[in-house]
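Summary of the model geometry
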2 protein chains.
Amino acid sequence: MSSKREQPPGPGRPRDPEADAAILRAAMEILVEQGVAGASIDRIAKRANVAKVTVYRRWSAKEDLLADAIEAVREEIPAADETDRPAEDLHAIIDQLLPQWSEALVQPRLRVLTARLLSAGPDHPKLLDAYREHHVKPRRERALATLRRARDTGILDPDSDLDMLIDMMNGAIIQFVLLAENPIRPAEAREYLTRLFRQAGLHE
Amino acid sequence: MSSKREQPPGPGRPRDPEADAAILRAAMEILVEQGVAGASIDRIAKRANVAKVTVYRRWSAKEDLLADAIEAVREEIPAADETDRPAEDLHAIIDQLLPQWSEALVQPRLRVLTARLLSAGPDHPKLLDAYREHHVKPRRERALATLRRARDTGILDPDSDLDMLIDMMNGAIIQFVLLAENPIRPAEAREYLTRLFRQAGLHE
């Protein structure tokens, strides 16, 4: 969730969830097809079939819109704290989510969006700033809470560096997605994630 | 080393190491400044002050040249098997190389080149292919040999997944370099690497 969404809408200008969804979808598609440089508000508004002012009413900067568009795809991947299992039962949570996580990783658009985002640093630093602030930091807090529980329940070593472990796990997944030689098949993604959880000490 | 360099030079056309170095430097600079799309052989030849045919005599494809240019910067970072210490003494090797590794990670051009390379997948897959084939695979073999020794000498768990550990360590470093909020200072890079080696089980 971007902090933008929590601001009250302007007077007499109630939000239109359908327009918002169309704008996010258009932004995502154009970002995939043409990269950050090609994803202008103008193009996005045209593709979403809304007036430019409708976009600006909701997102004051293109980078905030693109960050939210990337996150909308990222949000389709369930987090470890989103199952109905008790938080202590991390092995069972992983087993439950593994099929969904594997399916998510093989999506070609996720691969492209990850490449667009991570390469934004040199030429489009504001996109990386917006994404880091609105999305990376809150998600890391949740992941840390999950790993803290894993440490407290004895799954992880008591002196584990949880922040570093998150970097190592995220980093491995990013590499897997970005450097894959061919389109990834769900079975490969599943095997990779299984090995990752095992080497991270989070699964047997 | 690209496989290109191992081919014998054509008859009557001995290699000119100075021209090669100038071409690699020009390619690196233009890649940093303008990205893959802007790094044409034409521009590179002009910047290096050589004829286009001189470039083509040595690199038949732009992607091979760009991959070699990235690797020339990457090669300045010493590998764990390049010290004069015995391979068993991994802790001492890490202590010895840590200052050089930390200095390397803070270079802004390394950050930009990493971003250019990892984002090449969607729009310039041949660059990623060339880099993977000529540079990633040989380097991984050497890293694996080092980690195998660490496992055989009892530093790492006997059932460690060494391939996965390399992905996790590389991935953490890639994330650190690409997602840093501000220019990284050498002391921060050093602290990060120290934590990484510790969490990976390679140092105390």
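Conventions used here
- Residues numbered from 1 in each chain as written.
- Chains lettered and ligands numbered in written order.
- Predicted model: local features only at pLDDT ≥ 70, side-chain atom pairs only at ≥ 80, totals over all residues.
- Heavy atoms only, no water.
- Helix = DSSP H or I, 4+ residues; strand = E, 2+ residues; numbered from the N terminus.
- Rg over C-alpha atoms; globule rule 2.2 N^0.38 Å.
- Buried < 20%, exposed > 50% of the residue type's maximum accessible area, 1.4 Å probe, protein only.
- Contact = heavy atoms within 4.5 Å.
- Areas by Shrake-Rupley, 256 points an atom, 1.4 Å probe, with all protein chains shown as cover.
- Lys, Arg positive; Asp, Glu negative; His and termini not counted.
- Charge placed at Lys NZ, Arg CZ, Asp CG, Glu CD.
- UniProt positions renumbered as here; feature names shortened; annotations may be inferred.
- Least-squares fit on C-alpha atoms with pLDDT ≥ 70 in both.
- Domains from an automatic or database assignment.
- Buried area = accessible area lost by both parts, 1.4 Å probe.
- Axes fitted to C-alpha atoms, helices over the stretch in contact; angles between N-to-C directions.
- Parallel < 35°, antiparallel > 145°, perpendicular 65-115°, else oblique.
- Nonpolar A, V, L, I, M, F, W, Y, C, P; charged D, E, K, R; others polar.
- Core = buried A, V, L, I, M, F, W, Y, C linked by side-chain atoms within 4.5 Å.

By the naming in an unreviewed UniProt entry, chain A goes by AcrR family transcriptional regulator and is assigned to Glycomyces lechevalierae.

Description of the overall build of chain A
Of regular secondary structure, chain A possesses ten helices and zero strands. Along chain A, helices and strands appear, N-terminal first, in the series α-α-α-α-α-α-α-α-α-α. For chain A, the C-alpha radius of gyration of 19 Å lies close to 17 Å, the compact-globule estimate for 204 residues. Along the longest, intermediate and shortest principal axes, the C-alpha atoms of chain A span 55 × 40 × 30 Å. Counting over 204 residues, chain A shows a buried share of 47%. Put simply, of all contacts in chain A between residues at least 6 apart along the chain, 64% involve residues at least 24 apart. In the form shown here, chain A has an accessible surface area of approximately 10000 Å², with 50% of it arising from carbon and sulfur atoms. A gap of 7 Å separates the mean positions of the 30 positive and 34 negative side-chain charges of chain A.

Observations concerning the UniProt feature "DNA-binding region" (unreviewed entry) in chain A
Following the UniProt record, one finds the feature "DNA-binding region" (unreviewed entry) at residues 40-59 of chain A. Counting secondary structure, residues 40-59 of chain A comes out at 75% helix and 0% strand; the distance between its end C-alpha atoms is 13 Å.

Describing the relation of the copies chain A and chain B
The two copies are related by a screw operation: chain A maps onto chain B through 180° of rotation and 0.0 Å of translation along the axis, at an RMSD of 0.0 Å. The symmetry that links the two subunits is that of a two-fold axis. Using C-alpha coordinates, one finds that chain A approaches the rotation axis most closely at A:G171, a distance of 1.8 Å. Most of the interface of chain A is mirrored in chain B, where 100% of its interface residues are also at the interface.

Some remarks on the domain arrangement of chain A
All names here are of chain A. Per the domain assignment, the segments of chain A are domain 1 (3-71) and domain 2 (79-199). Taking the mean C-alpha position of each, domain 1 and domain 2 sit 26 Å from one another. Taken together, the contacts link 16 residues of domain 1 with 13 residues of domain 2. Together domain 1 and domain 2 conceal approximately 1400 Å² of surface at their shared face, both sides included; 70% is due to carbon and sulfur atoms.

Examining the packing of helix 1 (residues 17-38) of chain B against helix 4 (residues 62-74) of chain B
All names here are of chain B. Taken N-terminus to C-terminus, the directions of helix 1 and helix 4 make an angle of 105°; their axes are 9 Å apart at the nearest point. Regarding the angle of helix 1 to helix 4, the classification is roughly perpendicular. Facing helix 1, whose interface residues are I23, L24, A27, M28, L31, V36 and A37, helix 4 presents K62, L65, L66, D68, A69, I70 and V73. Of the residues that constitute the contact of helix 1 with helix 4, the class distribution is twelve nonpolar, no polar and two charged.

Side note on the nonpolar core
Counting 128 residues, the largest nonpolar core has A:L202 and B:L202 as the members making the most contacts within it. Those residues in contact with A:L202 that sit more than four places away from it in its chain are A:L90, A:H91, A:I94, A:L147, A:A150, A:I155, A:L156, A:M169 and A:F197. Counting eight residues, the second-largest nonpolar core is a separate cluster that includes A:A115, A:L178, B:L118 and B:I174.

Here we look at the UniProt feature "domain: HTH tetR-type" (unreviewed entry) in chain A
As recorded in UniProt, the sites labelled "domain: HTH tetR-type" (unreviewed entry) are residues 17-77 of chain A. Annotated as 82% helix and 0% strand, the span residues 17-77 of chain A places its first and last C-alpha atoms 21 Å apart.

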